[in-house]
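Examining the three-dimensional arrangement
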Amino acid sequence: MTSIDSTVHAPHATPASVPGPALPVQPRAGTLRPLDLHAVSLHPEGYWGTWQRLNTERMIEHCRYWMERVGWIGNLEAAAAGTLPQARRGREFTDSDVYKLIEAMSWEHGRTGDPDLDAQIRELIAIVGRAQEPDGYINTRFGRPGQAPRYSDLEWGHELYCYGHLLQAAVARCRTSGEDELLAIATRVADHVCDTFGPDGIDSVCGHPEIEVALAEFARLTGQRRYLDQAALFVERRGHGRLAEIEFGREYYQDDIPVRDATVLRGHAVRALYLAAAAVDVAVETDDADLLAAIELQWENTVARRTYLTGGMGSHHQDESFGTDFELPGERAYCETCAGVGSVMLSWRLLLATGRARYADLIERTLHNVIATSPGRDGRSFFYANTLHQRTPGSPVDPAKQSRRAASSQRSAWYEVSCCPTNVARTFATLGCYLATTTDDAVQVHLYTAGSIRADLAAGPVELEVGTDYPYDGAVRIRVVTAPEGDWRLSLRVPAWAEGATLTDDAGTRIAAAAGGYVTLPRALGAGEGVTLELPTEPRFSYPDPRIDDVRGAVAIEAGPLVYCAESFDLGSDESIDDLLVDTSVPARRKGRDGVVVHGRRESPIEHAWPYGPTAAPAPRTDQDIRLVPYSEWGERASGTMRVWIRRADAPAAG
């Protein structure tokens, strides 16, 4: 790992960086150490391997196709050609999506070694390089005749936000392929930011956090302390009213309360999560226990009061923001896909820093029920927002057109704001990095899917083979292929929902596996030995906190890490999804990969001229079994209605 030099570096210093492990987050310290991109292989037929293969074969190419088609790559070419602003297309932040595409491609090339992908990356890097100004500035929306001046709209301009994604692309490229022109471009950008926004520069922050988390990782890559110092400076500046008051209030961009003083995440969900992730990075690199504790408290309160059953975050459509405590309406759930990515980013950093299983629990929930919900199984369509209740089927989506509606009722090929597809692509390209970690003498497995894990411990190398049909089946078989001669341990996460989980070794010895933590083998396993973790994946009913008004009297169904939903497709075209009730006195039944069946009733509401009255007369009900499907698969079979929370049969009847 490249150490961060504590000395003050001269501006525009050339980093003496050597490509290190190929991973997106490489903290200097912490309880757990992440594994290299090459240390974990996902079996292509396993659950997450299937997603990664779809990303390889379709998603990344789809993103590039659309960015060329709508002119976002062309904006950078126009910058070099001097034809801006007339030739510019798209919103103010479209440069960032080109950089996220390069990042996704870089991780994917690092994983596969595909020479064609490498050629595409080099082509895009050349385009970006030609658009850069001599002082390091690069942006296609500002700074030229006919455009607003540089940094004249820090609230909404996204200049620093775009830089952040460029720096993260450079980290990915350098850690997978070594130093090239993208590192030089990014170094000029990072130096420009430090020169312009340092202690003697512009005393402000970007309206959309992202530069902070990127600078911290760029400091880890290059060993340049000034980049970490700038990230820390941006974090400390936030919350002091440096940005203008807007209709959503300064909390929208977390400029209302200093990071250290906040007790819960608030405002725009993606902004809040990116900022919190950066604060963890700064805390870890500077040994700031107070800052880390502040973010842990914010995470705890947010998960306890402002997070959906799916792990989704953000309940306001108008500003893509968190609501107040327990303001979690199913029908108006926004749950932006990018907020899911930001949640994984934050929880992963907290997991590495502390080793606490609760962070891995949320990562798993969010991956399965937010990030895997966004892309269609065709790899060419995406949800931007992820509602938990679709009341109307919505309008048909033309796959040849970009959607103007982020809250589209169906997956769309592309959006006028398409931050989510590239965020999904870069996440899927690095999925293997989130499966396991190490300490000096142990391997910890956090997420379960078919694959292999290789790690170097103090005692020697370890190689594990994981066989499982998780999440549809709770049996996870782990076999030791290679074991060190010295002492070592294997720890497996037991999710908080997995009451009754068991761990059994080859001799039939059963080891206690308490839910909500890790179970550690009491002895070192040798080559050829294995264990089987049995997680209960039978369907279970989940009840909401009564303070969540919108779903009081309702129930949801989960099985393993998956949240399930009812779709009108399974009811008939003339049936309403909202007339269903679930009888929780009858256990739900799993039907393998075909879903879950619950016993319920269909209500036939009585129509009135006025929908209010002194009494609620019972409506006729008929018994009916209800098929549920994984929430992540909703909308795949046909356009229709859907809901996660279904009213209980013992709840008050409709009148």
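This is a predicted model, so every value here is computed, not measured.

Section: the sheet that holds strand 8 (residues 475-482)
Here 7 strands make up an open sheet; going across it, the order is 2-6-7-8-13-10-11 and the pairing antiparallel. The open sheet has two edge strands with one neighbour each: strand 2 (40-42) and strand 11 (510-512). Across this sheet, the average inter-strand angle for adjacent strands is 20°, counted without regard to direction.

Topic: helix 4 (residues 115-131)
The terminal C-alpha atoms of helix 4, which comprises 17 residues, lie 25 Å apart, in line with the 24 Å expected from a rise of 1.5 Å per residue. Buried within helix 4 we find L117, D118, I121, L124, I125, I127, V128 and A131. Lining the buried residues of helix 4 we find helix 1 (47-69), helix 2 (72-81), helix 3 (94-112), helix 5 (159-177) and helix 6 (181-197). One side-chain oxygen at the N-terminal end of helix 4 lies 2.9 Å from the backbone nitrogen of D116; it belongs to D114.

Here we look at the side chain of E567
In this fold, E567 is placed in strand 16 (residues 562-567). A polar atom in the side chain of E567 sits 2.9 Å from the backbone nitrogen of G635. Ignoring any residue separated from it by four or fewer positions in sequence, one finds E567 in contact with I577, V629, E633, W634, G635, R637, T641 and M642.

Brief notes about the confidence of the model for the protein chain
Looking at the protein chain as a whole, the pLDDT averages 94, with 96% of positions reaching at least 70. Contacts of residues 5-18 to residues separated by more than four positions or lying in other chains number 31 contacts, the stretch itself having pLDDT below 50.

Here we look at the pairing of strand 19 (residues 596-603)
Most of strand 19 is tucked away, with 7 of its 8 residues classed as buried. In this structure, strand 17 (residues 580-582) lies alongside strand 19, joined through 3 bridges in antiparallel fashion. By the bridge assignment for strand 19, L581 is matched with R601. Examined bridge by bridge, strand 18 (residues 589-590) and strand 19 share 2 bridges and lie antiparallel to one another. The residue bridging R590 from the neighbouring strand is V596, located in strand 19.

Observations concerning unusual backbone geometry
Between L84 and the following residue, P85, the backbone shows a cis peptide bond with an omega angle of 10°. Positionally, P85 belongs in the loop between helix 2 and helix 3. The residue after Y470, namely P471, is reached through a cis peptide bond having omega 15°. Topologically, P471 is positioned in the loop between strand 7 (460-468) and strand 8. Not every positive phi belongs to a glycine, and F326 is a case in point at roughly 65°. Structurally, F326 is set in the loop between helix 10 (289-305) and helix 11 (337-354).

Things to note about the environment of E159
Topologically, E159 is positioned in helix 5. For E159, a relative accessible area of 2% translates into the label buried. The contact partners of E159, leaving out residues within four places of it in the chain, are Y137, N139, F142, R150, Y151 and S152. At a separation of 3.0 Å, a polar atom in the side chain of E159 contacts the main-chain amide nitrogen of Y151.

Rules used throughout
- Residues numbered from 1 in each chain as written.
- Predicted model: local features only at pLDDT ≥ 70, side-chain atom pairs only at ≥ 80, totals over all residues.
- Heavy atoms only, no water.
- Pairing = 2+ DSSP bridges.
- Helix = DSSP H or I, 4+ residues; strand = E, 2+ residues; numbered from the N terminus.
- Axes fitted to C-alpha atoms, helices over the stretch in contact; angles between N-to-C directions.
- Expected span 1.5 Å × (residues − 1).
- Buried < 20%, exposed > 50% of the residue type's maximum accessible area, 1.4 Å probe, protein only.
- Contact = heavy atoms within 4.5 Å.
- Polar contact = N/O pair within 3.5 Å; in protein donor to acceptor, adjacent residues only side chain to side chain.
- pLDDT = per-residue confidence, 0-100.

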